[in-house]
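# What the coordinates show
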Amino acid sequence: MDIKVLSSGVRYENLPEKYARPESERPRLSEVSACENVPIIDLGCGDRSRVVQEVGEACKSYGFFQVINHGVRAEVVERMIEVGNEFFALPVEEKLKLYSDDPSKTVRLSTSFNVRKEQFHNWRDYLRLHCHPLHHYIPHWPSNPPSFREIVSNYCVEVRELGYRIEEVISESLGLEKEYIRKVLGEQGQHMAVNYYPPCPQPELTYGLPGHTDPNALTILLQDLHVAGLQVLKDGNWVAVNPHPNAFVINIGDQLQALSNGVYKSVWHRAVVNVDKPRLSVASFLCPYDDALIAPAPPLTNNHASPAIYRPFTYTEYYNKFWSRNLDQNHCLELFQNPSNSN
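Residues numbered from 1 in each chain as written. Predicted model: local features only at pLDDT ≥ 70, side-chain atom pairs only at ≥ 80, totals over all residues. Heavy atoms only, no water.

The name given to the chain in an unreviewed UniProt entry is Protein DOWNY MILDEW RESISTANCE 6, with Momordica charantia as the source organism. Turning to the chain, the UniProt annotation filed under Sequence similarities (unreviewed entry) states: "Belongs to the iron/ascorbate-dependent oxidoreductase family." (UniProt positions renumbered as here; feature names shortened; annotations may be inferred.)

## Digging into the nonpolar core
If you look at the biggest cluster of nonpolar residues, it comprises 102 residues, and the most contacted ones within it are Trp141, Tyr155, Ile170, Met192 and Phe248. With ten residues, helix H5 (residues 148–173) is the largest single contributor of residues to this core. (Core = buried A, V, L, I, M, F, W, Y, C linked by side-chain atoms within 4.5 Å. Buried < 20%, exposed > 50% of the residue type's maximum accessible area, 1.4 Å probe, protein only. Helix = DSSP H or I, 4+ residues; strand = E, 2+ residues; numbered from the N terminus.)

## Some points on the sheet that holds strand E1 (residues 33–34)
Taking strand neighbours across the sheet as the criterion, the five strands line up as E1-E10-E9-E12-E7 in an open arrangement whose pairing is mixed. The sheet is open, and its two borders are formed by E1 and strand E7 (209–212), each paired with just one other strand. Both E1 and strand E10 (residues 237–240) contribute to a ladder of two bridges, which runs parallel. Its bridge partner being in E10, serine 33 is matched across the sheet by valine 239. (Pairing = 2+ DSSP bridges.)

## Thoughts on the packing of helix H2 (residues 74–88) against H5
Each packed pair of helices is defined by two parameters, the angle between the axes and the distance between the axes. Between H2 and H5, the least distance of the axes is 9 Å, while the angle of their chain directions is 135°. On the basis of their axis angle, the class for H2 and H5 is oblique. As H2 packs across H5, the resulting crossing turns out to be left-handed. Side by side, H2 and H5 meet where Val76, Val77, Arg79, Met80 and Val83 of the first sit next to Phe148, Glu150, Ile151, Val152, Asn154, Tyr155 and Glu158 of the second. Residues of the contact of H2 with H5, tallied by class, amount to eight nonpolar, one polar and three charged. (Axes fitted to C-alpha atoms, helices over the stretch in contact; angles between N-to-C directions. Parallel < 35°, antiparallel > 145°, perpendicular 65-115°, else oblique. Left-handed = near helix turned anticlockwise from the far one by under 90°. Contact = heavy atoms within 4.5 Å. Nonpolar A, V, L, I, M, F, W, Y, C, P; charged D, E, K, R; others polar.)

## A word on the environment of glutamate 187
Residue position: glutamate 187 is located in the loop between helix H6 (180–185) and strand E6 (189–197). The exposure class of glutamate 187 is exposed, given its relative accessible area of 54%. Between the C-alpha atom of glutamate 187 and that of aspartate 290, which follows or precedes it by 103 residues, the distance is 9.2 Å. Among residues more than four places away in sequence, those in contact with glutamate 187 are His132, Arg160 and Tyr289.

## Side note on the pattern of salt bridges
Evaluation of the coordinates by the stated rule reveals ten salt bridges. When the shortest N-O distance is used, the salt bridge between arginine 48 and glutamate 172 registers 2.3 Å. Of this pair, arginine 48 sits in helix H1 (residues 48–61) while glutamate 172 sits in helix H5; the two residues are 124 residues apart in sequence, bridging distant segments of the chain. Judged by relative accessible area, which is 27%, glutamate 172 ranks as partly exposed. Between lysine 97 and glutamate 94 there is a salt bridge, with the nearest N and O atoms lying 3.0 Å from each other. Exposure remark for lysine 97: the relative accessible area of 63% places this residue in the exposed category. For glutamate 94, a relative accessible area of 25% corresponds to the partly exposed category. Each of Arg73, Glu75 and Glu158 takes part in salt bridges that share partners, so that together they form one network. (Salt bridge = Lys/Arg side-chain N within 4 Å of Asp/Glu carboxyl O.)

## A look at helix H8 (residues 315–323)
Helical periodicity: at 3.6 residues per turn, an α-helix aligns residues three or four positions apart in one direction. When we look at burial in H8, the residues that qualify are Tyr315, Tyr318, Tyr319, Phe322 and Trp323. For H8, the angular spread of the buried residues around the axis is 125°, confining them to a single face. Those residues of H8 hidden inside the fold are in contact with strand E4 (107–111), strand E5 (125–130), E6, helix H7 (254–259), strand E13 (279–287) and strand E15 (313–314). (Arc of directions from axis to C-beta.)

## Points about H5
The end-to-end C-alpha distance of H5 is 37 Å, a good match for the 38 Å that 26 residues give at a rise of 1.5 Å each. At the C-terminal side of H5, glycine 175 shows a positive phi close to 80°. (Expected span 1.5 Å × (residues − 1).)

## Some remarks on the UniProt feature "domain: Fe2OG dioxygenase" (unreviewed entry) in the chain
Mapped onto this numbering, the UniProt entry annotates "domain: Fe2OG dioxygenase" (unreviewed entry) at residues 188–288. For the annotated span residues 188–288, helix accounts for 6% and strand for 44% of the residues, and the straight-line distance between the end C-alpha atoms is 5 Å.

## Concerning the pairing of strand E11 (residues 248–252)
Across the five residues of E11, five count as buried, placing the element largely inside the fold. The two faces of E11 match: Phe248, Ile250 and Ile252 on one face and Val249 and Asn251 on the other face are all buried. Note that strand E3 (residues 64–68) and E11 share four bridges and pair antiparallel. Paired with phenylalanine 65 across the bridge in E11 is isoleucine 250. The pairing of strand E8 (residues 218–222) with E11 spans four bridges and is classified as antiparallel. Paired with isoleucine 220 across the two strands is isoleucine 250, which belongs to E11.

Right, here's the structure in full:
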């Protein structure tokens, strides 16, 4: 690939070859409207039953929601955004020390999604980090900017705690024990993608990321407060999820769709780009441990009306299948359906 990373400081006059998608695969930005009634859930409201109910409704109807009063300190969030921008402002030679297109690497700077396999590239650079256990991974993280490791580790700890709390609420909303999801997922892995979307000369021809679902259990997304870019598929239409102050976007991932026996949906989402402004987002992923056996929860499959949609599988099996495909292929979860439930 001629272009190693997009965050090189070069402003492109035209979209480079391999980024322009065929007309049938373009984002049709003029047809996208703002998502009305995005669920915004106040985790600090003091009414547990209300939070459980609102989360359950959001997971069924949207597959995502936003949370406020979430317990992650504002200064931790602000410093995470600052150090992410500082990293992508480094000289390109410095960043390229971390470049790799090998998805198995635990620390890597890369571009697009999977440059080895995809036909069209996406207008995104990203820094991918494994984050748990922290003491194992921190020594391999970038040492430039000098404050990077301290700031990002503080952020990871607080976001992980938030993820645990949300998983417990999701368990309760399904009528399961509070600890059910956490027990099934085991000692969860934690990854982070610090995404950087540079200004794009022709945003109507490409994506930051095309439509996809997340292969993990739960995604906690910190949006750029000043530049929109996240869109989700709602009722067959792409709608924009505009940033909300002091909020995280929570996405249901494929593993929770399987655990819920399809009651909760892993949301299709994408990132679009714009001509004028760069956009930074930070996606944190909570993942089952490698050998976790994922299957619909038995209490949700105990009658003939609700047979198990998905066969049992390990997270490693799922993750390997996900990375062997293009991001915008059909839903990977379909490959794990029980034969009697396949169409």
